[in-house]
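# Coordinate analysis (summary)
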Amino acid sequence: MKKECLILGGLVPDVYYSVSRWPDRGQDGFISDENVVVGGCAVNMAVTAENLGLRSHVVSCVGEDEIGGRMDGYLKEHGLSRRLIRRTGGVSGKCLVFVEPDGERTFLTRKGAEGLFPEELAEAILQGEYAAAGVTGYYLLNDDAERIMAVIEELFRRGTKILFDPSPLADAIRPDILRRMAEVSHIMTPNVTELKVLEEKTGKRLISKGGVQNSLKDQICQSKAPVLIVKDGSAGGTVYTPERSFPYLAEKCTAVDTTGAGDSFSGALLYSMAEDIPVDAAVKLAARCAAKTVTIQGPHGFWKLED
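About the criteria used
- Residues numbered from 1 in each chain as written.
- Predicted model: local features only at pLDDT ≥ 70, side-chain atom pairs only at ≥ 80, totals over all residues.
- Heavy atoms only, no water.
- Pairing = 2+ DSSP bridges.
- Helix = DSSP H or I, 4+ residues; strand = E, 2+ residues; numbered from the N terminus.
- Axes fitted to C-alpha atoms, helices over the stretch in contact; angles between N-to-C directions.
- Buried < 20%, exposed > 50% of the residue type's maximum accessible area, 1.4 Å probe, protein only.
- Polar contact = N/O pair within 3.5 Å; in protein donor to acceptor, adjacent residues only side chain to side chain.
- pLDDT = per-residue confidence, 0-100.
- Contact = heavy atoms within 4.5 Å.
- Salt bridge = Lys/Arg side-chain N within 4 Å of Asp/Glu carboxyl O.

### Considering the sheet that holds strand E3 (residues 31-39)
With respect to topology, four strands assemble into an open sheet ordered E3-E2-E6-E7, the strand pairing being mixed. The sheet is open, and its two borders are formed by E3 and strand E7 (105-110), each paired with just one other strand. When the angles between neighbouring strand axes are averaged without regard to direction, this sheet yields 20 degrees.

### Looking at the side chain of His57
Note on placement: His57 falls in strand E4 (residues 55-63). We classify His57 as buried; its relative accessible area is 3%. Among the polar contacts listed, one links the side chain of His57 to the side chain of Glu4, at a separation of 2.9 Å. Side-chain polar atoms of His57 contact the side chain of Ser81, separated by 2.6 Å.

### A look at the confidence of the model for the protein
Looking at the protein, the pLDDT average stands at 86 and 92% of residues meet or exceed 70. Confidence drops under pLDDT 50 across residues 212-224; counting only partners more than four residues distant or on other chains, this segment forms 30 contacts.

### Structural notes on the pattern of salt bridges
All chains considered together, the criterion is met by 16 salt bridges. When the shortest N-O distance is used, the salt bridge between Glu146 and Arg174 registers 3.1 Å. With Glu146 in helix H4 (residues 145-157) and Arg174 in the loop between strand E9 (161-165) and helix H5 (175-184), this pair connects stretches of sequence that are 28 residues apart. Note on Glu146: relative accessible area 39%, which makes it partly exposed. Looking at Arg174, the relative accessible area reads 38%, which means it is partly exposed. In the salt-bridge network here, residues are joined through shared partners; they are Glu146, Glu153, Arg174, Asp176 and Arg180.

Next up, the structure:
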């Protein structure tokens, strides 16, 4: 039977605007191009996991509006799971992405229906069985974060392996929610900046000289000890386990669009968690998938890794 994973990240379209330069505050600028794609962390992660052969279920509400219909239709068109997508009242959110000529991106998000997490959706999630579950920091900014966290903790108790990608807005997540996520995460994937936020807001130093701090390891049963992967963009990053640490390299490629690279990295890790692939091989696979994604225009693409 094909293994399944769950991705709690919300579903929004990315609206790309190409700009010749980012204007100073209060000044004018020009948009040279506009493009709308169905993206967001959750879909990007799901597509990579699906590309590798792991059935992935995105969890999200979408609005009863044109945007919500477009996103639902996109999932259907590409054979992606809609089992845990709910059409609901209100408008769908969207992410505005301003791209400068050197590839630098500035994001502004309007929250919408993806910020809802009704009790019925929580119950539907717990009716399934999942080898792994990915959680994005964005989703924990939801007004129903307490209900979301309760579902994640129940999945953990049932043996689902949890990956937590904190996201650039990690500093806006409630400290108690961050602490609870640290206690149930098998893998956490912050970048260098997000790691500092995690340590400050949880009140825990997560890295020691040898690897992940024993105090964090002791919060989780020994058979499910955490792995911390600290990402550093094109330089690769460092993997920390309770026993050791080691660097990994980003795979060399010709970048076309770096959007979604980190999500693809996480999607590959979800696949590896579900398939019990050792962390050394898992991080190499994740780097390959991230490189594959940046060679494609847009936040994700449909491919087979041997292509």
